[in-house]
Amino acid sequence: MQSPAELNLARKWRPKTFDTIVGQDIPVRMLKNGLYLQKFFPVYLFAGQRGCGKTSTARVFAAALNCQKTEEFRQNPRLTIPCLECESCIAMLNGNHPDFIEIDAASHTGVDNVRQIIESSSYMPLLGAKKIYLIDEAHMLSKAAFNAFLKLLEEPPKSVLFILATTETHKIPETVLSRCFQVIFTPIANTPLKTHLRAMCDQESITIDDQALDLLIHETDGSARDAINLLERVRFSNTHITEETLLHILGKISNADLCALLEYIIDAQPHNIIATLQSPSFELINSTIIWDMLIELCRTLICIKYKATTTLPSWAQTSSILAALDAKCSLEKLYTISTTLWHHEELFHQTSKKNIFLEMLLVQLASGITPLTTKSPATAPFLQKTNAAPLPQATKIQQAQTPSIEQTSKPLAEAKQPSTLLPAWTSFLEALNQAGDALLESIFKQATLVEPFAPQTPLVIKLSAKSKFFTDKLNECKQIWQPLINKAFPENQSISFAAPTEQEPSPRPRPPQVAESAAAAPQPPRQPPVQSQQPIKPWQGKKNYQAAPKQPSPNALNLENIDVQDKEKWPIANLLISHFPGKIKKVTQ
Ligand SMILES: [Zn+2]
């Protein structure tokens, strides 16, 4: 036997009996029952994610099948099996059992390897009752290999037993699957894994804090192997492993620091965002990790708002910070932050200056600005297909000091859309987008639904401007939008349109005004307006006339101002300006 000191943790702590397999009670019970009853299937399929104990369980099962104490176990099922003492068990422990053949299908994919198995399977076992083949990563076998294997599976020799292990059951042909007895391994639950790791640390004299152990388990997603390997990595880093040690090794920030960052966005403190991101604890952290952690934090808080989660173990020690954050931020604000991150993710991954991109985006969010994207936003997981407007926002383009289309939409937190109607309104806007009428779509995208809302009552849609043009357009295109509205809001029998009420008092605290925000948020230098005498083409949809990007972007467009004062020459452009105050710009790129 090798000296324990020579072995790494994963090998040393690999389970050798059924009793030491962690967190797989159902598979263990099924296999032990088979041993007790001496009823076996010729082919087993062990399916489950990586590191959850499939291969270890297969080795234990193989050892138990050939253990010379099997008869005693049948008399007394309380006995430990395999016994680890008999000749067969010792051969298994030493890795030289003549009747146990382990094949890594990832490196033996071909039909020749299967032919070798078929040939050798006809020989009788030498030491035990069964000749056992463990085929790991079985989904990697080639089609030809599976076909050759199938013949053997149809009529396997009585003394042969196959165990196929796979992380991807769907890649195993149906013809093979139908001949297998499937044993499903679930990810290992936190509690048994923590108990196991704690016992391991105690025996190995590894001093580790409870928070650090929780974080370690959270990081490894129910894989015991990954958790033990990570523990192996950190055990010599410090005599006492704290959460901070582990965070440092993982290149992550603490929950408390992460919450503080989100809090600065919610409290509209852009200066603190900059200070935090440039502080020593953040400076060395990869921006991608901060980005991912922020999205995960928003998700956790959204789940809490919907009462869809209990506090995660990784938050056990910092649950009060999470609760305080939950109390001060609204669901709308969380949607704004997470949606903004999703919509900018593609650009974030493209840029080489990720830390600056992250900083600017968070500063804009903290300044109450919903940053604009120049590209069609990436699909967020909770929104199916989105185009220009990710959520039905109460988007009103306001007149700022310089009349220009470079305006910001109001933050979503201020939107008055009843949140219960979001899905119906979003699906309506999507359907409208398919209809292909850009002006009609624009009118609806800028409109809001009026509360209070109840089924069976008329649906009131408040337009963003009092305009004959809007009402004419709506009447003219009724056959387009009416069926789509009816489909999205089947419970509302009628629809009425309302004009906007100017300067209505808002029940919620108002975010900083646009002018203030613009001053607080660093912005790219504006291009001097260029007057062009070039005539512009008639309106052809929003792709030709875009709001200028609010932030530096690798895909920034070249925009030129165009003089459209002649109302007879530029009727549509003037109509647009009357509803969307600003300048018409031409994309010259
Ligand atoms: Zn034995």
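Residues numbered from 1 in each chain as written. Predicted model: local features only at pLDDT ≥ 70, side-chain atom pairs only at ≥ 80, totals over all residues.

Looking at the overall build of the protein chain
Link 1 in the chain: Looking only at helices and strands, the protein chain features 25 helices and 13 strands.
Link 2 in the chain: Out of the 589 residues belonging to the protein chain, those deemed buried represent 33%.
Link 3 in the chain: A separation threshold of at least 6 residues defines the contact pool for the protein chain, and within that pool the share at least 24 residues apart is 78%. (Helix = DSSP H or I, 4+ residues; strand = E, 2+ residues; numbered from the N terminus. Buried ≥ 20, exposed ≤ 12 C-beta atoms within 10 Å, placed from the backbone. Contact = placed C-beta atoms within 7 Å.)

Notes on the sheet that holds strand β2 (residues 100–104)
Link 1 in the chain: The strand order β2-β3-β4-β1-β5 describes an open sheet built from 5 strands, whose pairing is parallel. Whereas interior strands pair on both sides, the edge strands pair on one side only; in this sheet they are β2 and β5 (181–184). Strand-to-strand twist across the sheet, computed as the mean angle between neighbouring axes with direction ignored, equals 20°.
Link 2 in the chain: In terms of strand pairing, β2 meets strand β3 (residues 131–136) through 5 bridges, oriented parallel. Its bridge partner being in β3, aspartate 104 is matched across the sheet by aspartate 136. (Pairing = 2+ DSSP bridges. Axes fitted to C-alpha atoms, helices over the stretch in contact; angles between N-to-C directions.)

A few points about the packing of helix α18 (residues 331–350) against helix α19 (residues 354–366)
Link 1 in the chain: Interhelical geometry of α18 versus α19 gives an angle of 155° and a closest axis separation of 11 Å. When the axis of α18 is compared with that of α19, the two are roughly antiparallel. The handedness of the crossing between α18 and α19 comes out as right-handed. Contacts between α18 and α19 involve Ile337, Thr340, His344 and Phe348 from the former and Lys354, Phe357, Leu361 and Leu365 from the latter.
Link 2 in the chain: Classifying every residue of the contact of α18 with α19 gives 5 nonpolar, 2 polar and 1 charged. (Parallel < 35°, antiparallel > 145°, perpendicular 65-115°, else oblique. Left-handed = near helix turned anticlockwise from the far one by under 90°. Nonpolar A, V, L, I, M, F, W, Y, C, P; charged D, E, K, R; others polar.)

Some details on the sheet that holds strand β8 (residues 448–449)
Link 1 in the chain: On the basis of which strands lie adjacent, the open sheet formed by 3 strands has the order β8-β9-β10 and mixed pairing. Strands with a single pairing partner mark the edges of an open sheet, and in this sheet they are β8 and β10 (495–498).
Link 2 in the chain: Here 4 bridges tie strand β9 (residues 459–462) to β10, and the two strands are oriented parallel to one another. Opposite lysine 462, over in β10, you have alanine 498 as the bridge partner.

Quick notes on the environment of valine 111
Link 1 in the chain: Tracing the sequence through the fold places valine 111 in helix α6 (residues 111–120).
Link 2 in the chain: Judged by C-beta crowding, with 16 C-beta atoms within 10 Å, valine 111 ranks as partly exposed.
Link 3 in the chain: Along the backbone, valine 111 and asparagine 147 are 36 residues apart, and their C-alpha atoms lie at a distance of 8.5 Å.
Link 4 in the chain: Contacts of valine 111, omitting those with residues within four sequence positions, involve Ser142, Ala144, Ala145 and Ala148.

Observations regarding unusual backbone geometry
Link 1 in the chain: With an omega of -5°, the peptide bond between isoleucine 81 and proline 82 qualifies as cis.
Link 2 in the chain: Examined against the element boundaries, proline 82 turns out to sit in the loop between α4 (70–75) and α5 (87–93).
Link 3 in the chain: A positive phi angle, close to 50°, is found at glutamate 137, a residue other than glycine.
Link 4 in the chain: Judged by C-beta crowding, with 20 C-beta atoms within 10 Å, glutamate 137 ranks as buried.

Here we look at the nonpolar core
Link 1 in the chain: Counting residues in each nonpolar core, the largest one holds 62 residues, and the members touching the most others are Phe46, Ile163, Leu164, Leu216 and Ala227.
Link 2 in the chain: Residue contributions to this core peak at 7 residues, all from helix α3 (residues 54–66).
Link 3 in the chain: Per-domain counts for this core show at least three residues from each of domain 1 (4–184) and domain 2 (190–250).
Link 4 in the chain: Not counting the four nearest positions on each side in its chain, leucine 216 is found in contact with Ala227, Leu230, Leu231 and Leu246. (Core = buried A, V, L, I, M, F, W, Y, C linked by C-beta atoms within 7 Å. Domains from an automatic or database assignment.)

Considerations on the packing of helix α13 (residues 255–266) against helix α17 (residues 319–328)
Link 1 in the chain: Orientation of α13 relative to α17, taken along the N-to-C sense of each, is 10°, at an axis distance of 10 Å. Classified by the angle between their axes, α13 and α17 sit roughly parallel to one another. Seen from above, α13 lies across α17 with left-handed handedness. Taking contact as the criterion, the partners of Asn255, Ala256, Cys259, Leu262, Glu263 and Ile266 in α13 are, on α17, Ile321, Leu322, Leu325 and Lys328.
Link 2 in the chain: Residue classes in the contact of α13 with α17 are distributed as 7 nonpolar, 1 polar and 2 charged.

A word on the environment of serine 88
Link 1 in the chain: In this structure, serine 88 sits in helix α5.
Link 2 in the chain: Separated by 25 residues in sequence, serine 88 and alanine 63 place their C-alpha atoms 7.3 Å apart.
Link 3 in the chain: Ignoring sequence-local partners within four residues, the contact set of serine 88 consists of Asn66, Cys67, Gln68, His97, Leu127 and Gly128.

Some thoughts on the pairing of β3
Link 1 in the chain: Of all 6 residues in β3, 6 are buried; the element is thus mostly enclosed.
Link 2 in the chain: For the segment spanning β2, α6 and β3, crossover handedness is right-handed.
Link 3 in the chain: The pairing of β3 with strand β4 (residues 160–166) spans 5 bridges and is parallel. Bridge assignment links isoleucine 132 to a residue of β4, and that residue is leucine 161.
Link 4 in the chain: Running through helix α7 (residues 143–154), the crossover from β3 to the neighbouring parallel element β4 is right-handed. (Right-handed = clockwise from strand over helix to strand, strands pointing away.)

Considerations on the environment of phenylalanine 497
Link 1 in the chain: By the secondary structure assignment, phenylalanine 497 is in strand β10.
Link 2 in the chain: When the C-alpha atoms of phenylalanine 497 and alanine 447 are compared, they prove to be 9.5 Å apart, with 50 residues separating the residues in sequence.

What about α7?
Link 1 in the chain: Its 12 residues place the ends of α7 17 Å apart at the C-alpha level, agreeing with the 16 Å of an ideal helix rising 1.5 Å per residue.
Link 2 in the chain: Among the residues making up α7, those that are buried are Ala145, Phe149 and Leu152. Projected onto a plane normal to the axis of α7, the buried residues spread over an arc of 45° and lie on a single side. Along α7, the residues that are exposed and aim more than 90 degrees away from the buried face are Lys143, Lys151 and Glu154. (Expected span 1.5 Å × (residues − 1). Arc of directions from axis to C-beta.)

Looking at the confidence of the model for the protein chain
Link 1 in the chain: Within the protein chain, residue pLDDT values average 77, and 74% of them lie at 70 or more.
Link 2 in the chain: pLDDT under 50 marks residues 374–417. Its contacts with residues more than four places away, or in other chains, come to 109 contacts.
Link 3 in the chain: Low confidence marks residues 503–555, where pLDDT is under 50. Its contacts with residues over four positions away, or in another chain, come to 77 contacts. (pLDDT = per-residue confidence, 0-100.)

Focus: helix α16 (residues 287–305)
Link 1 in the chain: Between its first and last C-alpha atoms α16 spans 27 Å; for 19 residues at 1.5 Å apiece the expected length is 27 Å, and the two agree.
Link 2 in the chain: Residues of α16 that are buried: Ile290, Trp291, Leu297, Cys298, Thr300 and Leu301.
Link 3 in the chain: Looking at the buried positions of α16, the neighbouring elements they touch are α13, α17, α18 and α19.

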